Amino acid sequence: MLDELRQTCRRLLQDGTVQAVIGYGRPSPEDPVVPVFITKPEDVDQLAWDDQCFANLVKYLLRKEVLSLGKLAVCVKGCDQRALLVLEKESQIDRSQIVVIGLACDGVGKPRLAKCASCDVHTPRQSDFVIGKANTPDAAATVAERYAELDAFLAKPPEERMAYWKKELSRCVKCYACRQVCPMCYCRQCIVDKNRPVSISTSATLKGNFAWHITRAFHLAGRCVGCDECTRACPAGIDLRLLNLSLAKAAEENFDYRSGMDPEKEPIIGAYSQQDHEEFIR
Amino acid sequence: MSELLDKTDLNRLVDAWLSEGRRVAGPQCVNAKDSRGQADRIQYAWLTKAEELRLDGFIRPTNSIKEFVFPRHEKLYGYQFKGKRLELTPAELPTTEQVVIGARPCDAAALKILDAVFNWDVKDEFYNRRRELTTVVTLACKEHDDFCFCTSVGSGPCDERGSDVLLIPIDGERYEVRCLTEKGKKLLAGATTASSEEATAPQGPPVRFNLDALGEFLAGGYDRPEWPEITRRCLGCGACAYTCPTCHCFDIVDEGSASGGARVRNWDACQFTMFTAHASGHNPRSDQSQRQRQRIHHKFQIYPDKFGELLCTGCGNCSRNCPVDMGVLPVLKTIAAKK
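Every chain is numbered independently, its residues counted from 1 as its sequence is written. Labels follow written order: the first chain is A, the first ligand is 1, and so on. Given that the model is predicted, a residue must reach a pLDDT of at least 70 before its local features are reported, and side-chain atom pairs must reach 80 or more before they are shown or counted; all residues, however, enter totals for whole chains, interfaces and linings. To obtain the side-chain values, all non-hydrogen atoms of the structure were included, while hydrogens and water were left out.

Right, let's get into the overall build of chain B. By the criteria applied, helices consist of DSSP H or I runs no shorter than four residues and strands consist of E runs no shorter than two, each listed in order from the N terminus. Regarding its fold elements, chain B presents 10 helices and 12 strands. Referenced to the eigenvectors of the C-alpha coordinate spread, the extents of chain B come out at roughly 65 × 65 × 40 Å. Residue burial is assigned from relative accessible area. The probe radius is 1.4 Å, only protein chains are included, and a residue is buried under 20% of its type maximum, exposed over 50%, and partly exposed in between. The proportion of buried residues among the 339 residues of chain B is 55%. Should any heavy atoms of two residues lie within 4.5 Å, those residues are considered in contact. Restricting to contacts in chain B with at least 6 residues of sequence separation, those with at least 24 account for 70%. In this description, accessible areas are obtained by the Shrake-Rupley approach with a 1.4 Å probe, and a residue is regarded as covered only by the protein chains that are shown. Surface exposure of chain B reaches about 14700 Å², of which carbon and sulfur atoms provide 49%. Taking the 45 positively charged and 46 negatively charged side chains of chain B as two groups, their mean positions are separated by 5 Å. Neither His nor the chain ends contribute to the count of charged residues, in which Lys and Arg are positive and Asp and Glu negative. The location of each charge is read from NZ of Lys, CZ of Arg, CG of Asp or CD of Glu.

Quick look at the structure:
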């Protein structure tokens, strides 16, 4: 699979289809897997593919430091590809200008990350190339299965849930790693960076932290694709996945919508219709 | 001759300090799932009982002890509008004595570095008061991981800088105790037993890069063309700075309503776009590579030029907490490889 990946990337660079490939790689064999930006065909041997390929590389399609490289190819896992679709729907990327290399994936992490347990996109869709073959069948996850973790949490009394969030969010230092890794966080000025006047307290106090995380969650409603990068990136180990699952469940239950899954469906927050049943929108 | 203390007595001491009204902070499991499915997440945090204290079974906490002398959020003073008058109320300075137990040497050494910053111009009364109230009991490191690089920046697993007491493990249950300051002696007075047994100094990680080569690279100019390539994967969050024991930048903001509020200082980080944004809209560090360059220059050139030592103790938290495995070490290794 790795050979196929390297050959594909070499060809894309050699024939000038792209100027850079965003992929996973080890700059030297003893290094951990990191995002790499391959610009020369002879460097494709740096590319790696294993269960340590965590990062959602789609984020880099929004970074000017990477866009400056020229036309790009990007390696995506099935879950990452969902972000690509949302960005396309939200007119943040020109899909025709990006070469998408899908990597069939059996899950990442040792043990597997939580998101991998209910994964039904082991093989990336809408990709220009799909490399490899997933050995894990896509989980025919029902709504109940997909949100089992959330439902277990929601079954607890409200006081207990509030105590949980107070304890967890008290550790937030507002490093904004959750925002920076998120492919859906592309506001030119994040609301927490608005300081004339201040919209959201910049203090990493319990109040300021609730304000940040609730706002962040609402901005992701119907948009978050569940790549769980925020949860992985959090240096305080806050399980933001729980908040995101809650939003995803609301979107699925009320609108029969899973973000980044169906290219035919318009985004529930971003789309406008004359037939909307809410009068205030019409 | 040496002084020894066993783990049970150490725990008893922690409980005694707590019952005497001191605040005690140390490594504990914060019960959060580790996102990479690894071990429990250990952070320095205030303890309510000795039982919560974790001294082994992990490399180092994912945060730093700077929080206890330089909190992430601190009120500087209050303000109240009274008609056309403005009334200022000074913030109360802390008065409670505190102990940091089980600090790592790379954390304790950072306190000396912070001392210099918070006293070179204005003597920061909040920082200094907390520092006076704090006794640091450090635990020498028996183990290291691939992120640790203390020995590459002139530190090591038994570095005594910044510590009031250094504990060196003899086995899983006993520690050799070295009281390094009067504060340390006072805290542990009568708690240890004399012995002829001495701990063997644990080994640190191998030296991972050549500091002199780095100095040459940095002295070679601010506009070196390598920076964008070296730093391209940085996503611009503050995880490195906020978990770094030596990073100390802060932002001062007013929080309140039309009738009054407080002037507070919050941690800030040089990797944020907003860090250098001018009111005009101009940003002298508009590119992530410029912000990364600043971080490395500050740690290995600007601070050393001013204060004579590095602004880095090699704890490795910047890489350990980086979502894309960057931080100081990979950057310096890349620079060294370019030489």
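On we go.
Tallying secondary structure elements over chain A gives 11 helices and 5 strands in all. Referenced to the eigenvectors of the C-alpha coordinate spread, the extents of chain A come out at roughly 55 × 45 × 45 Å. Long-range pairs, those at least 24 residues apart, make up 70% of the contacts in chain A with a sequence separation of at least 6. Total accessible area on chain A is roughly 12900 Å²; 53% of this is exposed by carbon and sulfur atoms. With 38 positive and 38 negative side-chain charges, chain A shows a separation of 5 Å between the mean positions of the two kinds.

Turning our attention to the nonpolar core. In plain words, nonpolar cores are sets of buried Ala, Val, Leu, Ile, Met, Phe, Trp, Tyr and Cys residues tied together by side-chain atoms within 4.5 Å. Membership of the largest hydrophobic core comes to 128 residues, with the highest contact counts inside it found for Leu5(A), Val21(A), Ile22(A), Leu61(A), Ile101(A) and Phe300(B). Setting aside residues up to four positions removed in sequence, Ile22(A) forms contacts with Val36(A), Phe37(A), Leu57(A), Tyr60(A), Leu61(A), Val66(A), Leu72(A), Ala73(A), Val74(A) and Cys75(A). Formed by 21 residues, the second largest nonpolar core is a distinct cluster that contains Val14(B), Leu18(B), Leu53(B) and Leu187(B).

Residues and elements named next belong to chain B. Here Arg320 is to be found in helix α9 (residues 317-320). By relative accessible area, which is 15% here, Arg320 ends up buried. Taking the C-alpha atoms as reference points, Arg320 and Ser64, 256 residues apart in sequence, are found 12 Å from one another. Setting aside residues up to four positions removed in sequence, Arg320 forms contacts with Ile59, Arg60, Asp145, Phe147, Cys148 and Cys315. Counting of polar contacts relies on pairs of N or O atoms within 3.5 Å, with two restrictions inside protein: one atom must be capable of donating a hydrogen and the other of accepting it, and residues adjacent in sequence are counted only when both atoms are side-chain atoms. At a separation of 2.9 Å, a polar atom in the side chain of Arg320 contacts the side chain of Asp145. A distance of 2.9 Å separates a polar side-chain atom of Arg320 from the backbone oxygen of Cys315.

Residue and element names in this part refer to chain A. On the surface, Tyr272, Phe280 and Ile281 cluster together into a nonpolar patch covering about 360 Å² of accessible area. Positionally, Ile281 belongs in the segment after α11 (240-255). Note on Ile281: relative accessible area 33%, which makes it partly exposed. A patch consists of residues whose relative accessible area exceeds 30% and which take part in no salt bridge; residues with like charges are grouped when within 9 Å of each other, and nonpolar side chains (Val, Leu, Ile, Met, Phe, Trp, Tyr) when within 5 Å. Should a side-chain nitrogen of Lys or Arg be within 4 Å of a carboxyl oxygen of Asp or Glu, the pair is scored as a salt bridge.

Turning next to the interface of chain B and chain A. Across the boundary between the two partners, chain B contributes 39 residues, which contact 49 residues of chain A. Throughout, buried area stands for the accessible area (probe radius 1.4 Å) lost by two parts on being put together, summed over both. Ranking the residues of chain B by area buried against chain A places Arg72(B), Arg232(B) and Leu235(B) at the top, with a combined share of 21%. The tally of links from chain B across to chain A stands at 2 salt bridges. Lys64(A) is the partner of Asp287(B) in a salt bridge, and the nearest nitrogen-oxygen pair spans 3.4 Å. Where chain B touches chain A, the interface holds 23 residue pairs in polar contact (both at pLDDT 80 or more). When contributions to the side of chain B that touches chain A are tallied by element, the ones reaching two or more residues are α7 (239-243), β11 (250-256), β12 (260-267) and α8 (288-307) of chain B. Asp, Glu, Lys and Arg are counted as charged, while Ala, Val, Leu, Ile, Met, Phe, Trp, Tyr, Cys and Pro are counted as nonpolar; the rest, among them Gly, fall into the polar class. When grouped by side-chain class, the residues that make up the side of chain B that touches chain A number 15 nonpolar, 13 polar and 11 charged.

Residue and element names in this part refer to chain A. Tallied over the entire structure, the rule returns 47 salt bridges over all chains. For Asp120, the salt bridge goes to Arg258, with nearest N and O atoms at 2.9 Å. Residue Asp120 is found in the loop between α4 (114-117) and β5 (129-131), and its partner Arg258 is found in the segment after α11; the two are separated by 138 residues along the sequence. The exposure class of Asp120 is buried, given its relative accessible area of 18%.

As a further point, take the sheet that holds strand β4 (residues 73-82) of chain B. Residue and element names in this part refer to chain B. The strand order across the open sheet formed by 4 strands is β5-β4-β12-β11, and the pairing between neighbours is antiparallel. In the strand order of this sheet, the two ends are held by β5 (85-90) and β11, each with one partner. Averaged over all pairs of adjacent strands, the angle between strand axes in this sheet comes to 25°, irrespective of strand direction. For two strands to be treated as a pair, DSSP must find no fewer than two bridges joining them. In terms of strand pairing, β4 meets β5 through 6 bridges, oriented antiparallel. Bridged to Gly78 within β5 is Thr89. All axes are obtained by fitting lines to C-alpha atoms, using only the stretch in contact for helices, and the reported angles, taken between N-to-C directions, cover 0 to 180 degrees.

Residue-level confidence of the predictor is summarised by pLDDT, bounded by 0 at the bottom and 100 at the top. Across chain B, pLDDT averages 93, with 97% of residues at or above 70. Scored as a whole, the predicted complex attains pTM 0.94, and scored at its interfaces, ipTM 0.94.

With that out of the way, let us pick up the domain arrangement of chain A. For an interface, size is often stated in terms of accessible area lost upon the parts coming together. Residues and elements named next belong to chain A. Under the domain assignment used here, chain A contains domain 1 (2-131) and domain 2 (143-255). An automatic or database domain assignment supplies the start and end points of every domain. Between the C-alpha centres of domain 1 and domain 2 there is a distance of 26 Å. If you look at the interface, domain 1 gives 19 residues, while domain 2 gives 18 residues. Taking both partners together, domain 1 and domain 2 bury about 1500 Å²; carbon and sulfur atoms supply 55% of that area. When the buried surface of domain 1 facing domain 2 is broken down by residue, Lys59, Glu90 and Lys115 rank first, second and third, together holding 31% of it. The interface formed by domain 1 and domain 2 holds 2 salt bridges in total. Between Asp120 and Arg146 there is a salt bridge, and its shortest N-O distance comes to 3.7 Å. Viewed at the interface, domain 2 and domain 1 are joined by 8 residue pairs in polar contact (both at pLDDT 80 or more). Secondary structure elements with two or more residues in the side of domain 1 that touches domain 2: α3 (78-89) and α4. Ranked by the residues each element gives to the side of domain 1 that touches domain 2, the list is headed by α3, at 6 residues. Partitioning the side of domain 1 that touches domain 2 into residue classes produces 9 nonpolar, 3 polar and 7 charged.

Another aspect to go through is the pairing of β4(B). Residue and element names in this part refer to chain B. The sheet contact formed by β4 and β12 spans 7 bridges and is antiparallel. Looking at the pairing, Lys75 lines up with Val264 of β12. As consecutive antiparallel partners, β4 and β5 are separated by 2 residues, and within that stretch Gly83 has a phi angle of approximately 65°, a positive value.

With respect to the helices and strands, the residue Pro245(B) is situated in the loop between α7 and β11. A residue is classified by how much of its surface remains accessible, and Pro245(B), at 3% relative accessible area, is buried.

What follows covers the side chain of Glu226(B). Residue position: Glu226(B) is located in the loop between α5 (211-219) and α6 (227-231). Leave out the neighbours within four places in its chain, and Glu226(B) touches Phe217(B) and Lys338(B).

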